[in-house]
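Given next are the chains, with one letter for each unit.
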Amino acid sequence: MPSCFRELIAPPNGGKVVNGKSPACHVTVVGAGPYGLSSAAYLRAAGIETRVFGEPMAFWQNQMPTGMCLRSNWGASHIADPKRELTLDAYCHQNGNHVSKPIPLDRFVDYGRWYQNQAVQDLERSNVLTIDLDPRGFKLVLADGASFTSKRVIVATGISSFVRRPSQFDGIPSELASHSSEHNDLGKFKSKRVIVIGAGQSALESAALLKEAGGEVEVIARDHALKWVGLHMRLHHLGIISRMLYSKRDVGPAGISRLVALPHLFRKFPRRLQDRTAYRAIRPAGSGWLQPRLKEVTITLGRMVVSATTVGSYLLLKLNDGTERLVDHALLATGFRVDVSKYQFLSQALVKQLKVANGYPVLNRGLESSIPGLHFIGKPAAWSFGPLLGFVSGTEFAGNELVHSIGRRSGNH
Ligand SMILES: Cc1cc2nc3c(=O)[nH]c(=O)nc-3n(C[C@H](O)[C@H](O)[C@H](O)COP(=O)(O)OP(=O)(O)OC[C@H]3O[C@@H](n4cnc5c(N)ncnc54)[C@H](O)[C@@H]3O)c2cc1C
């Protein structure tokens, strides 16, 4: 074990334990999705004392539709660990499970839970209610009222707080218009007329699942043409040329994929170029394998909803071409917009001190915010380190970056 980590194994309070748990710890990871689990695995492997909180894979289990498949390919869907022992391949091998491609959601959730059992067996399945400043670092209060302090906190709580709902649907009850992340079972829309708003993977895959569940579906999107990814698979089979064009991280098209995979280089680019490249890497698009499943779905492009009103138990939508739709439901697959002030668990004092840009925390090396000791990983890190951080394939970068930074700084003390 590196000597700089030795001090971290002993809790900062000298090891006093209350109710089986130390009232102070070195690093606390809040969140148990791919980023929280992976970063905990990296920190612990480096000998850094870490507590981890959250329901494992809760966002994937509860806020994505049953029957969905991952858009990211096999190589980009491993939750990283420092020894590369907890890959999807290892999961299949150990459990005798076959996982088809594209990867089904239920298998990925099971993989994430298996990963948690291997790497973070002592995961604490509690929600963190508040995080506030404390002379010893941060004070955290849990849902059951218990509290403790932590020298550092790593926020790995994902995007579910950042739901983006178009203002036209303000005041419409959720029975008539809901965000795609409010559902894990689209089967309830059997025999219903549903409008899906959006042109990304979530919109298109939801439309396919709704149709397959027996719904009457129309997709409405502002874009004049749908965009697809993965249609040029021959470009991925050209040996060294493919490796020059595409990173195994699988974020973005040829060329951009390589740049995005190097977050330290990416962040050196002028801001405007970073923003344009990031948009190009993750613009709304569907996986090519969805195309045949959408043959029976009406797709209306170049249109947008200008108003939504309730008519009895129905929803009346007016479009910018003057046409109307009377439907049972509008499914808003309109994505997420990061705004860290919406993380309810961050105290007002923390939010006030946090340097942000476009709602994202501005991060330095080690994914550390303007508040020393407060780190953000996953999508909130994407403004500072690029779009890779919005995907599972960014977990390796995040884990290494945290260990490098936290380990080095602790060694200096
Ligand atoms: C429909 C859809 C499809 C997607 N498909 C892909 C894909 O194919 N490939 C890909 O790489 N990415 C995909 N993504 C992006 C995906 O969201 C991220 O890759 C991934 O979830 C990032 O992991 P995370 O750990 O940052 O967040 P999450 O997986 O959201 O995990 C956050 C965790 O934090 C916990 N938590 C939240 N608040 C608290 C609290 N106060 N206290 C304790 N715990 C808390 C939650 O319970 C959850 O377990 C998709 C996203 C959507 C919406």
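Residues numbered from 1 in each chain as written. Predicted model: local features only at pLDDT ≥ 70, side-chain atom pairs only at ≥ 80, totals over all residues. Heavy atoms only, no water.

J.: Provide a residue-level description of the site of the ligand, including the pertinent values.
T.: With respect to spatial proximity, 29 residues lie near the ligand, and among them E55, R71, S72, V128 and V392 are the closest. For the ligand, an oxygen atom lies 3.1 Å from a polar atom in the side chain of W60. Here the ligand loses 88% of its free accessible area of 970 Å² to cover by the protein chains. Mapped by element, the contributors of at least two residues to the shell around the ligand are α2 (34-45) and α3 (58-62). A total of three residues in the shell around the ligand trace back to one element, the largest contributor, which is α3. Taken together, the residues of the shell around the ligand break down into 17 nonpolar, ten polar and two charged. (Near = heavy atom within 4 Å. Polar contact = N/O pair within 3.5 Å; in protein donor to acceptor, adjacent residues only side chain to side chain. Areas by Shrake-Rupley, 256 points an atom, 1.4 Å probe, with all protein chains shown as cover. Helix = DSSP H or I, 4+ residues; strand = E, 2+ residues; numbered from the N terminus. Nonpolar A, V, L, I, M, F, W, Y, C, P; charged D, E, K, R; others polar.)

J.: Describe the nonpolar core, and please don't skip the residues or the numbers.
T.: Core analysis: the largest hydrophobic core is formed by 85 residues, its most contacted members being W60, I131 and L367. The biggest single contributor to this core is helix α5 (residues 105-119), with seven residues. What W60 contacts, discounting residues up to four positions off in sequence, is P34, M68, L70, L105, F108, V109 and V392. Core analysis: the next-biggest nonpolar cluster, separate from the first, contains 20 residues, L186, V217, L331 and A333 among them. (Core = buried A, V, L, I, M, F, W, Y, C linked by side-chain atoms within 4.5 Å. Buried < 20%, exposed > 50% of the residue type's maximum accessible area, 1.4 Å probe, protein only. Contact = heavy atoms within 4.5 Å.)

J.: Lay out the environment of I282 in plain terms, naming residues and giving numbers.
T.: Tracing the backbone through its elements, the reader meets I282 in helix α10 (residues 271-282). By relative accessible area, which is 31% here, I282 ends up partly exposed. Linking I282 and G390, residues 108 residues apart in sequence, is a C-alpha distance of 9.5 Å. Setting aside residues up to four positions removed in sequence, I282 forms contacts with V251, K379, P387 and F391.

J.: Any details on a positive patch on the surface? Residues and values, ideally.
T.: A contiguous patch of positive charge on the surface is contributed by R164, R222, R337 and K342. Structurally, the position occupied by R164 is in the loop between β5 (147-155) and β6 (177-179). (Patch = residues over 30% accessible without salt bridge, like charges linked within 9 Å, V, L, I, M, F, W, Y side chains within 5 Å. Salt bridge = Lys/Arg side-chain N within 4 Å of Asp/Glu carboxyl O. Lys, Arg positive; Asp, Glu negative; His and termini not counted. Charge placed at Lys NZ, Arg CZ, Asp CG, Glu CD.)

J.: Pulling in residues and values, what's your account of the sheet that holds strand β12 (residues 305-311)?
T.: Taken in spatial order, the three strands of this open sheet run β12-β13-β14, and their pairing is antiparallel. Each end of this open sheet is capped by a strand with a single partner; those strands are β12 and β14 (324-327). Between one strand and the next, the sheet's axes are offset by a mean angle of 20 degrees, whatever the strand orientation. Note that strand β13 (residues 314-319) and β14 share four bridges and pair antiparallel. For L317, the partnering residue across the bridge sits in β14 and is R325. (Pairing = 2+ DSSP bridges. Axes fitted to C-alpha atoms, helices over the stretch in contact; angles between N-to-C directions.)

J.: Hey, could you go over unusual backbone geometry for me, with residue numbers and the actual values?
T.: In this structure, P102 follows K101 across a cis peptide bond, with omega equal to -5 degrees. Relative to the helices and strands, P102 resides in the loop between α4 (88-95) and α5. The phi torsion at L367 lies on the positive side, around 55 degrees, for a residue other than glycine. Residue position: L367 is located in the loop between β17 (360-361) and β18 (374-376). We classify L367 as buried; its relative accessible area is 0%.

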